[in-house]
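# Per-entry structural report
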Amino acid sequence: MKVTDILGIREQNIASIINAVRFKSGISKKQIAEETELSVATVSNLCNDLAARNILIESKNDGLSVGRTPSVYTFNVERYCVLAINLQLRNVMYLAITNFRNEIILEKEYKYSDNAGVEEIMHEARVHYEEDLKPGLRDDAVIIGVGVAVSAIYDTSHSKLVCCAIPVFEEKDLKKITEKEFGLTAYIDNEANLCAIAANASEAEYEDIVYIHASEGVGTGIIQHGRLLQGHNGYAGEISHMPIGRPDRKCKVCGRYGCIESDLSIDGFLLSYFGNNRGKREERWKEFLEAVEAKKEKALKVTEETGTYLGRLVSVLIYLFDPQVVYIGGNIPVLYPYMKESMMKEVRGRCVLWDENSIAKILPDLTSNERIIIGISERICSKWLPY
Ligand SMILES: [Zn+2]
């Protein structure tokens, strides 16, 4: 056996132990061994090592009064942190720091200018982090990685962003730029994948998840048997140009007709309601939401029609992945009550293989922004190797 193979096994064992203790306090070596299916001797050696490095905190379990008191271990949760940067909304930069249990401990939102390039945006992010967030951390805190959420696909074969809803990121190697700016390992992914990872980490009962995220763009994150589906290039779940939308609407990205993103994105709703995409988007989105809430006829017609297209998308995803749950997140969950009826009519009509009990639950999710941060944290913490 080569030395690298031995190192590989040791690293894998460390990762298993860390994942076994991450969310539990005061767990014994015996319990860790049971959970990881490693031998007690292996667990014992590695736990001693991790405790010596202050990664695990060792304490005595005082519950037992007879014989030798065994040590129990807790991960040094507050010491190891992740910096998460959410850039999925235009001109908005949201920074957060999470601890090793994916809990947000510090957060702040900023605006950046329209003219800023990607290097400039990441530099601004670092300055904000150093000035505003870092002083709030413990003195011995260690940032183990930085993650960035983007409304784009991260092409893993070429290490660049493609199909960006915000044009400044197009074709950029955001991973390299981020790593250079922060001097840390960077993880880049889109909001839909991150939300799916977070849902899988938070909701233990779901192993097969589809997460539809609709805001600037429309994407899906797919978890199958607890693993994120990525595909050969990282494009899996990219459904923007699936031709199941309004047939007479030309897509401004691919130039063809009927792309689902042209209906379910913010611009899609605005175009359907106002008849054009001029004017200030933020104000117009607000105006549209108010019109829906006031039950204005045209606004309700737009949400109902778009609900049908959403229903088609949900049906296709149910057929492809047979999930336990389909989450609908991003900017559209607030519209869900008005889209639900037409969406469900489409889903029930098309998904003939499933009955009431076996078909995926469809849940609007108003917590996407938090999920994005949790997804970044989970991805970085679950893959972290301390040494
Ligand atoms: Zn298209």
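Predicted model, so just to flag it, every value in this text is computed and none were measured.

### Some words on the overall build of the protein chain
- Helix and strand content of the protein chain: 12 helices and 15 strands.
- At 23 Å, the protein chain has a C-alpha radius of gyration in line with the 21 Å of a compact globule built from 387 residues.
- Dimensions of the protein chain, computed from the C-alpha atoms along their principal axes, are close to 75 × 50 × 45 Å.
- Residues classed as buried in the protein chain amount to 39% of the 387 residues present.
- Within the protein chain, contacts between residues separated by at least 24 positions form 61% of all contacts whose residues are at least 6 apart in sequence.

### Overview of the nonpolar core
- Val150 and Val326 are the most contacted members of the largest nonpolar core, which totals 100 residues.
- Not counting residues up to four positions away in its chain, the partners in contact with Val326 are Val210, Ile212, Val314, Leu317, Ile318, Ala360 and Ile362.

### A look at the confidence of the model for the protein chain
- Averaged over the protein chain, the pLDDT score is 93; the fraction of residues at 70 or greater is 96%.
- Model confidence for the protein chain, summarised as mean pLDDT per element, is weakest for helix H1 (residues 3-21) at 83 and strongest for helix H10 (residues 297-321) at 98.

### Overview of the pairing of strand E14 (residues 325-330)
- Within E14, 5 of the 6 residues are buried, leaving the element largely enclosed by the surrounding structure.
- Sheet topology note: the strand E11 (residues 209-214)/E14 ladder contains 6 bridges and is parallel. Bridge pairing in E14 links Ala214 to Gly330.
- By the bridge criterion, 4 bridges tie E14 to strand E15 (residues 361-364) in an arrangement that is parallel. Residue pairing in the sheet places Ile328 in a bridge with Pro364 of E15.

### Some thoughts on the domain arrangement of the protein chain
- Assigned domains of the protein chain: these are domain 1 (3-75), domain 2 (80-195 + 371-382) and domain 3 (203-366).
- A straight line from the C-alpha centre of domain 1 to that of domain 3 covers 44 Å.

### Description of the packing of helix H9 (residues 281-293) against H10
- Contact geometry of H9 with H10 gives a least axis separation of 7 Å together with a crossing angle of 95°. Of the possible angle classes, the one that applies to H9 and H10 is roughly perpendicular. Along its contact with H9, which presents Phe288, Ala291 and Val292, the element H10 presents Ala299, Leu300 and Thr303.
- Tallied by class, the residues present in the contact of H9 with H10 amount to 5 nonpolar, 1 polar and no charged.

### Quick notes on the sheet that holds strand E12 (residues 218-224)
- The strand order across the open sheet built from 5 strands is E13-E12-E11-E14-E15, with neighbouring strands paired in mixed fashion. Both outer strands of the open sheet, strand E13 (227-228) and E15, are each paired with one neighbouring strand and no more.
- Bridge analysis of E11 against E12 gives 6 bridges, and the strand direction is antiparallel. Residue pairing for E12: His213 is matched across the bridge by Gly219.

### Here's the deal with the sheet that holds strand E3 (residues 71-75)
- The 3 strands are arranged E1-E3-E2 in an open sheet whose pairing can be described as antiparallel. Edge positions in the open sheet fall to strand E1 (27-28) and strand E2 (56-60), since each of these has one partner strand only.
- As paired elements, E1 and E3 share 2 bridges and run antiparallel to each other. Paired with Ser28 across the strands is Val72, a residue of E3.
- Its contacts with the sheet put helix H3 (residues 40-52) on E2 and E3, and the angle it makes with E2 is roughly 105°.

### Some remarks on the packing of helix H8 (residues 266-274) against H10
- Relative to each other, H8 and H10 sit at 135°, their axes nearing to 9 Å. Comparing the axis directions of H8 and H10 gives the class oblique. As H8 runs across H10, the sense of the crossing is right-handed. Residue-level contacts link Phe269, Ser272 and Tyr273 of H8 to Lys298, Ala299, Val302 and Thr306 of H10.
- When grouped by side-chain class, the residues that make up the contact of H8 with H10 number 4 nonpolar, 2 polar and 1 charged.

Definitions and cut-offs
- Residues numbered from 1 in each chain as written.
- Predicted model: local features only at pLDDT ≥ 70, side-chain atom pairs only at ≥ 80, totals over all residues.
- Helix = DSSP H or I, 4+ residues; strand = E, 2+ residues; numbered from the N terminus.
- Rg over C-alpha atoms; globule rule 2.2 N^0.38 Å.
- Buried ≥ 20, exposed ≤ 12 C-beta atoms within 10 Å, placed from the backbone.
- Contact = placed C-beta atoms within 7 Å.
- Core = buried A, V, L, I, M, F, W, Y, C linked by C-beta atoms within 7 Å.
- pLDDT = per-residue confidence, 0-100.
- Pairing = 2+ DSSP bridges.
- Domains from an automatic or database assignment.
- Axes fitted to C-alpha atoms, helices over the stretch in contact; angles between N-to-C directions.
- Parallel < 35°, antiparallel > 145°, perpendicular 65-115°, else oblique.
- Nonpolar A, V, L, I, M, F, W, Y, C, P; charged D, E, K, R; others polar.
- Left-handed = near helix turned anticlockwise from the far one by under 90°.

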